[in-house]
Amino acid sequence: MFHQQFFMVGLLFVCRQIRSHVSYEVKDDVAVIRINNPDSKVNTLSIPMQREMAEVMNEVWANGAVKSVVLISSKPGCFIAGADINMIQACRSAEEVTALSQEGQKMFEKIEKSPIPIVAAINGSCLGGGLEFALACQYRVATKSRKTVLGTPEVMLGLLPGAGGTQRLPKMVGLPSAFDVMLTGRNIRADKAKKMGLVHQLVDPLGPGLKDSDVRTVEYLEEVAVGFAKGIVNKSIPLTKRKGIMQKLQDYAMGIPFVRQQIYKTVTKRVMNQTKGLYPAPLKIIECVKAGLEKGSEAGYLEESQNFGKLAMTPESKALVGLYQGQVACKKNRFGTPEREVKNLAILGAGLMGAGIAQVTVDKGVNVILKDTATEGLSRGQDQVYKGFNAKVKKKSITSFERDTTMSCLTGQLDYSGFERVDMVIEAVFEDLSIKHKVLKEVEAVTPPHCIFATNTSGLPIKDIAAASKRPENVIGMHYFSPVDKMQLLEIITTDKTSKDTTASAVALGLKQGKIIIVVKDGPGFYTTRCLSPMLAELLRLLQEGVEPKKLDLLTTSFGLPVGAVILADEVGIDVAAHVGKTMTKAFGSRLDGGNIEVVTTMVEKGFTGRKAGKGFYIYEKGSKSRNINPAAEEILKKFKLSAPPSVSSDSDVQYRLVSRFVNEALLCLQEGILSNPMEGDIGAVFGLGFPPFLGGPFRFVDAFGADKLVQKMKKYEEVYGNQFTACQLLQDHAKDSSKKFYK
Amino acid sequence: MDTQVFIIIIIIIIIIVSHHVEGGHFNVKIKSLAFKCSMQTKSKKTLAKPGVKNIVLVEGVRTPFLLSGTIYNDFMAHDLARAALLGLLNKTSLPKDAVDYIVYGTVIQEVKTSNVAREAALGAGISEKIPAHTVTMACISANQAITTAVGLIAAGQCDVVVAGGVETMSDMPIRHSRKMRKTMLTLNKAKTLSQRLTLLSKIRLGYLTPELPALTEFSTNETMGHSADRLTAAFGVSRREQDEFAFRSHSLAKKAQDAGLLSDVLSVNVPGKGIVSKDNGIRPSSMEQLEKLKPVFIKPHGTITPASSSFLTDGASAVLLMSEEKALAMGYKPKAYLRDFVFVSQDPKDQLLLGPSYATPEVLEKSGITLDDIDVFEFHEAFAGQILANLKAMDSDWFAQTCMGRKSKVGVLPIEKLNLWGGSLSLGHPFGATGARLVTAAVNRLKKEGGQYALVAACAAGGQVVMKVIQNYFFI
């Protein structure tokens, strides 16, 4: 008897507990459905989540006492972050992925056609499949919290919104905005979403009251959403917004087929311009939207699911998904929590780099001293930081008051006062070993023993700099990329003597600054500069061989680089390139051969140091967007002219001569242990040097392109130019054994 | 012997007693004679501190508080302040040269009279030899004026100070846009006609858009009402609770007005419009009517309505403060001692109006008394929800521990002792003047109700708050 009862209770318990992702309760006549993935910080639309959601919805629809529904997440800061990527990656064929997409479409169709209104109550990230879910609901309420963002980031993974997004978005926000949202994949803040018509109502986040503010804000969101749900049922809240004149005009224009055709054309042209046709996803998105609007929604949904399947199988999507996963991994500190948090940071040198580092640090609750040796430099640097924040004020992402309080945490000075309180110093002074030694000694004389000395050099070996240090365990390299506020990568370089805690501290600060971080071993040029150097040497040779700068830029951008290689050289600075080139040649000898270094030294002598000087290979004029060739630079190139061997000078050869040297050097870094894994190599190349993202990075490129094919090409070049094109051992191993891959 | 003289004599006697045998048999006698309040339950019989001067409030007055845009429409701020000053002088028969100093508080300054205290004093015929200055601290500007005065007296700088506050929202300094101002100022410096014409030709239509004084919090860009609505939501204060509190405020104000308890209100002659002697914002209605109102700040789901917010008001107030010795020497019968005060401030975003919760325990500890010792509470009612949120905050252990860093909650504030003669919701809230109204109301209630200690609190923009303890003078 007792046993039986126990069993019954047990069974009941099991029945209740069998749902782990979705639960609901009925408040008055409103069913509040709560989403909560039990084993993750975020909710994703995984298979169990979808199954349980379908079950719960069926129960709710079958319950006559329920008149409306509120859909809300129990996770702080996340509504639904998107579909489960693993679910898509587990699929082996396009058909399987298409089937997944169709299941999602069906589920959201049911939601859209629900006999009772469903209110999505959004707090935190509402992305991808999460947004598509919300879009299918009848009403959307979102908190104005900074964590609340809506968007369809699928395009960044080489995919498209595959659960009705391409069909619903244009109807909801109009064709131009829908394209903007889907093709950029950008995050949209709640207030912007309201303006666009993506959400109906906004709820303000609350401060602390009788409970924690996050907890209470979500409760409040639920209360308000329940109120709206009841209001929709009793018709006091209208489901459709009254449209303004602009909206009506736009709707009218979109009703004209000719106008729509023009929009498709313009958008396609713009996409082709930006992607050079290398990314299939944006074009497919346009196709899906077009199919839905021109051939009816059935055709649209079919197009969407099939294209989704196709895209998921493309190498581009796989590469982009790989980068996404790498990026997530590089946003973690694998060295643990440092003993001391960096609260006071000093930056030496208020140049572009120093000021850039200050800008990304000072708004993260870190007090920053920006030190320079001259008033002019210091004031220019402070202005740069101010401009950075002021631009945010203009974009309304911060208030002018926040700008001012942030700027108050930045102290500009010419001396070492206050350095006795500093936890870390990042030096961004001139790239000269003796100057670096001088400041290192000066700094160590005034800073506390725990203070870390980080050097922002792009080429000098850290151990040479650390040689002057009393505390080499506190010396580390932090290689930022210019412009610091835009470039996501931070390359951290450790020497044999760098302590683990120093590394942990540097990584922690970098993460605070919002950087994607790779940690590499010390050596000339570390990883990124080392990959770039042989490519620049080759670039110079190509220029000497008479390839027009504009043509070189075109060839490199059509290969997928975000900016042309010659423009890149101008951006980096010809003087920097010359300096790095010399150091690298000293270290690596003839493998770094290519163009004649005297070309660049002559340019530097004439003051053509690149963009910053207004003249490099190109001429840069303020306010003008078109770039003209610098005739004086052309003269110099003519003086050093080389003849171009026809066997290795086709357009494709030009591209592969550049790329193969880059890739070979990257593999060499892994072979030599500078890199600890291929993933960090890919992340570094893509986020720091602009290696084409759709190729996923040099390592994924070798996997996809075939090591043997690459070695073949290199052999051809080796015959003409010698050992600069000798494939490294690792590449040769991969070429010999096709089962060897960097990514499984 | 007429009664006037008799009273003065009694006071003198009491003073003598209080100096020699405080709490002695005389006290008991007087208590049994005049007051019903049981003093034995108080933790302390007086808040006088050794070595600290006793500062007394002799009298407090105010002009009627009127809805902005009504009868005071043509008054400038200094007109209202002058009316309050004159009223105080008349009521106390204080000679115009007996004042040592004048301090006034105001929030939105009229640029022509930025030191409004001085203009009002000169206008009132107060000796030109008497200095005056103006302070500003948002809604607690008058409190700041009073505490400034207390400081001047305590420091021995002055013996007799008039403090007060004034605000008019019927007229506001609306400015040209920044671009227009810049052009106009450059125009001043332009020397030739062509320079002037070039400047003038640069003026665009957009330059003509006027700039209104901001009613939003500068640091957060949020209006106070919006912040208050979020505050009520954070504390789960319901719409109904707020409506009830607003209803209470108007009902109590009406009752007090009808019973003639608002004795601090002066009669003011407004040229061309006759004599005003009553506040005109008191509008007791019904709960049904209040329920119908729509939220004003957060739409459509907010809970604060026009009825549960204080309204834009014109008015001025003034109090006469003296050192105790001086008051007695001049033959005055002081009404109350002004004792301890604290100013606190906190996060202007989420805790903009939560100050009273923070300041209450602080000032009580400073005085060495407890919440139970207080007989009269006068709290500024910015919004019904704000008062209620504060009551909930003080009654929450979580809030005390998490936000205030205290071991346990402050306690339940006895609402039956709070704002019994109405509050800012019903009487009105001329920003700069409210502080002095609160102090005078607390003092008059102490007198009327026979209490011993009063607590005055007001919150202000910027997340700041003032808290004052007032001690009735009946004991001395």
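Residues numbered from 1 in each chain as written. Chains lettered and ligands numbered in written order. Predicted model: local features only at pLDDT ≥ 70, side-chain atom pairs only at ≥ 80, totals over all residues. Heavy atoms only, no water.

Under an unreviewed UniProt entry, the name given to chain B is Trifunctional enzyme subunit beta, mitochondrial, and the source organism is Scleropages formosus. Quoted straight from UniProt, the Pathway (unreviewed entry) entry for chain B says "Lipid metabolism; fatty acid beta-oxidation." Reading the Subunit (unreviewed entry) entry of the UniProt record for chain B gives the comment "Heterotetramer of 2 alpha/HADHA and 2 beta/HADHB subunits; forms the mitochondrial trifunctional enzyme. Also purified as higher order heterooligomers including a 4 alpha/HADHA and 4 beta/HADHB heterooligomer which physiological significance remains unclear. The mitochondrial trifunctional enzyme interacts with MTLN. Interacts with RSAD2/viperin." (UniProt positions renumbered as here; feature names shortened; annotations may be inferred.)

In the nomenclature of an unreviewed UniProt entry, chain A corresponds to Trifunctional enzyme subunit alpha, mitochondrial from the organism Scleropages formosus. In its Subunit (unreviewed entry) section, the UniProt entry covering chain A states "Heterotetramer of 2 alpha/HADHA and 2 beta/HADHB subunits; forms the mitochondrial trifunctional enzyme. Also purified as higher order heterooligomers including a 4 alpha/HADHA and 4 beta/HADHB heterooligomer which physiological significance remains unclear. The mitochondrial trifunctional enzyme interacts with MTLN." Of chain A, the UniProt comment under Pathway (unreviewed entry) reads exactly: "Lipid metabolism; fatty acid beta-oxidation."

Trainee: Got a minute to help me understand the packing of aromatic side chains in this structure?
Mentor: Applying the stated criterion to the full structure yields 22 aromatic pairs over all chains. Between the aromatic rings of Y721 of chain A and F725 of chain A, the centroid separation amounts to 6.1 Å while the plane-to-plane angle is 40 degrees, which identifies the pairing as tilted. For Y721 of chain A, a relative accessible area of 15% gives the class buried. The class of F725 of chain A is buried, set by a relative accessible area of 0%. Aromatic side chains F341 of chain B and F343 of chain B sit 6.0 Å apart centroid to centroid with 80 degrees between the ring planes, which places their arrangement in the edge-to-face category. Put simply, the rings of F559, Y656, F662, F691, F701 and F705 of chain A pair up and form one aromatic cluster. (Phe/Tyr/Trp six-rings, centres within 6.5 Å; stacked < 30°, edge-to-face > 60°. Buried < 20%, exposed > 50% of the residue type's maximum accessible area, 1.4 Å probe, protein only.)

Trainee: Sorry, what's going on with the side chain of D570 of chain A here?
Mentor: Residues and elements named next belong to chain A. Following the sequence through the fold, D570 ends up in helix α23 (residues 565–572). No salt bridge is formed by the buried D570; the nearest opposite charge belongs to R627, separated by 7.1 Å. A distance of 3.1 Å separates a polar atom in the side chain of D570 from the backbone nitrogen of Y618. Those residues in contact with D570 that lie beyond four places of it in its chain are T609, G610, R611, G616, F617, Y618 and Y620. (Helix = DSSP H or I, 4+ residues; strand = E, 2+ residues; numbered from the N terminus. Lys, Arg positive; Asp, Glu negative; His and termini not counted. Salt bridge = Lys/Arg side-chain N within 4 Å of Asp/Glu carboxyl O. Polar contact = N/O pair within 3.5 Å; in protein donor to acceptor, adjacent residues only side chain to side chain. Contact = heavy atoms within 4.5 Å.)

Trainee: Explanation requested: the pairing of strand β5 (residues 118–122) of chain A in the structure shown.
Mentor: In regular strands, side chains alternate between the two faces of the sheet. Residue and element names in this part refer to chain A. Most of β5 sits out of view: five of its five residues are buried. The side-chain alternation of β5 yields two buried faces, one formed by I118, A120 and I122 and the other by V119 and A121. Taken together, the four bridges between strand β3 (residues 68–73) and β5 define a ladder with parallel strand orientation. Residue pairing across strands places V69 opposite I118, the latter belonging to β5. Direction of pairing for β5 relative to strand β7 (residues 139–143): parallel, over a ladder of four bridges. Looking at the pairing, I122 lines up with A142 of β7. (Pairing = 2+ DSSP bridges.)

Trainee: For this particular structure, what's the right way to read a nonpolar patch on the surface?
Mentor: Residue and element names in this part refer to chain A. A cluster of nonpolar residues, I245, M246 and L249, forms a patch on the protein surface that exposes about 380 Å² of accessible area. Secondary-structure assignment places M246 in helix α10 (residues 245–254). On the basis of relative accessibility, which here comes to 65%, the residue M246 falls in the exposed class. (Patch = residues over 30% accessible without salt bridge, like charges linked within 9 Å, V, L, I, M, F, W, Y side chains within 5 Å. Areas by Shrake-Rupley, 256 points an atom, 1.4 Å probe, with all protein chains shown as cover.)

Trainee: Could you clarify how one ought to interpret the packing of helix α5 (residues 129–136) of chain A against helix α6 (residues 165–173) of chain A in this entry?
Mentor: In helix packing, the relevant descriptors are the interaxial angle and the interaxial distance, both defined with respect to the helix axes. All names here are of chain A. Two elements in contact, α5 and α6, have axes whose closest approach is 10 Å; the angle formed by their N-to-C orientations is 55 degrees. Taken together, α5 and α6 sit at an angle that is classed as oblique. Of the two possible hands of crossing, α5 and α6 adopt the one that is left-handed. Where α5 abuts α6, its residues E132, L135 and A136 lie against G165, R168, L169 and M172. Partitioning the contact of α5 with α6 into residue classes produces four nonpolar, one polar and two charged. (Axes fitted to C-alpha atoms, helices over the stretch in contact; angles between N-to-C directions. Parallel < 35°, antiparallel > 145°, perpendicular 65-115°, else oblique. Left-handed = near helix turned anticlockwise from the far one by under 90°. Nonpolar A, V, L, I, M, F, W, Y, C, P; charged D, E, K, R; others polar.)

Trainee: Looking at this model, I keep getting lost on the sheet that holds strand β13 (residues 410–413) of chain A. Mind explaining?
Mentor: The strands that make up a sheet are held in pairs by hydrogen bonds between backbone atoms, and each pair lies either parallel or antiparallel. Residue and element names in this part refer to chain A. Taken in spatial order, the eight strands of this open sheet run β13-β12-β11-β14-β15-β16-β17-β18, and their pairing is mixed. Each edge of the open sheet is held by one strand with a lone partner, namely β13 and β18 (516–521). The mean inter-strand angle of the sheet, taken between neighbouring strand axes irrespective of direction, is 25 degrees. Judged from the four bridges that link them, strand β12 (residues 367–371) and β13 form a sheet pairing that is parallel.

Trainee: What should I look at first to understand the UniProt feature "domain: 3-hydroxyacyl-CoA dehydrogenase C-terminal" (unreviewed entry) in chain A in this one?
Mentor: The sites that UniProt annotates as "domain: 3-hydroxyacyl-CoA dehydrogenase C-terminal" (unreviewed entry) are residues 525–620 and 657–736 of chain A. Secondary structure over residues 525–620 of chain A splits into 62% helix and 2% strand, and the C-alpha atoms at its two ends are 28 Å apart.

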